[in-house]
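# Coordinate analysis (summary)
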Amino acid sequence: KMRWKVPKRNLNVHKRHLASTPDDRVYTKRLVRQFGDIATLLGNNTLDSSSTARLFDLGVLTLTEICRINIADEESSVTSTEDFERSIESFNDSECVSCFRFQKADLFRLKRALQFPEVVHLSNRSTMSGEEVFLRGLFELVSGSDQIEIATFVFGRDQSQQSQAFSWFINHLYNNFSDLLTDNLDWWYTEGYLQRSMEAILNKFNGNQFDNICAFIDCNCWQTCRPGGGPSQGGADAERWSPQVQRAFYNGWKSTHGLKHQT
């Protein structure tokens, strides 16, 4: 696992240990203990077979810990200032679906529909193509990845540039398309999308049920206990709740029972 750590280079020798992470301190204590065991074994004038094997194992463990610390330090210093100049064309068809949840041709249509300009001037006075800002914002929404990882491994530049691009992306959507993002049920109704959605759901169930459902709430889920797991009323041999009650509250994606609500 990567540990993004900013080294404190200005600390003097007596305080440099304060820049270490908790993992570094654990590794250091482990190394000190292993070196102590090695010194104890080497201090013996005679080493039997078991002591020799123990000494070999300690040497291997010590080298492993040293390599682990070195690798973590190298990974923590990974930064990217190079601009990869990513565009829609730089992603193949399968990457577009996995990274942005859109077909490649639909990404071009979506960019035009959202009216992204050719060049974007960010608040820190840097510039970036509108297509790159569009891709950076959409990628962060879809993946939920850390901005450092996005900048380092996907788009280039540094984390601050990714933050600036994402902020511009969100502000652009709200400033120009807030009617589609907030209080937009009337628009979906007048454009006929609710009717088409209801018909699609009805066809999915072969017209047997759900003839008045046009959408499903899919936002936050508050986890609860399993409802309807006991008798529906008091008394001996009371009728139990229908299993449909539990199924109605079950969330297959999160594998738990809960109440879903739209925020």
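Check the entry above for the structure.
Residues numbered from 1 in each chain as written. Predicted model: local features only at pLDDT ≥ 70, side-chain atom pairs only at ≥ 80, totals over all residues. Heavy atoms only, no water.

One pass over the structure, following the stated rule, counts three salt bridges. Salt-bridge contacts for Asp-106 lead to Arg-109; the nearest nitrogen and oxygen are separated by 3.3 Å. Within this pair, Asp-106 and its partner Arg-109 are both found in helix α4 (residues 104-113), separated by three residues, close to a single helical turn. According to the relative accessible area criterion, Asp-106 is partly exposed, its value standing at 28%. For the salt bridge of Glu-132 with Arg-136, the shortest nitrogen-to-oxygen distance reads 2.9 Å. With Glu-132 and Arg-136 both in helix α5 (residues 130-143) and four residues apart, this pair spans about one turn of that helix. Taken as a pair, Glu-132 and Arg-136 share a single burial class, namely buried. (Salt bridge = Lys/Arg side-chain N within 4 Å of Asp/Glu carboxyl O. Helix = DSSP H or I, 4+ residues; strand = E, 2+ residues; numbered from the N terminus. Buried < 20%, exposed > 50% of the residue type's maximum accessible area, 1.4 Å probe, protein only.)

Before going further, it helps to examine the sheet that holds strand β4 (residues 250-251). Taking strand neighbours across the sheet as the criterion, the three strands line up as β3-β5-β4 in an open arrangement whose pairing is antiparallel. Each edge of the open sheet is held by one strand with a lone partner, namely β3 (220-223) and β4. (Pairing = 2+ DSSP bridges.)

Okay, the packing of aromatic side chains next. Under the counting rule described, the total for this entry stands at nine aromatic pairs. Consider the rings of Phe-91 and Phe-100, whose centres lie 5.1 Å apart with planes at 85°: the pair is edge-to-face. A connected cluster of aromatic rings, assembled from ring pairs, spans Phe-116, Phe-134, Phe-166, Trp-168 and Phe-169. In this structure, Arg-86 packs its charged tip against the face of Phe-91, placed 4.1 Å from the ring centre. (Phe/Tyr/Trp six-rings, centres within 6.5 Å; stacked < 30°, edge-to-face > 60°. Lys NZ or Arg CZ within 6 Å of the ring centre and 35° of its normal.)

Read these as spatial facts, not as claims about activity.
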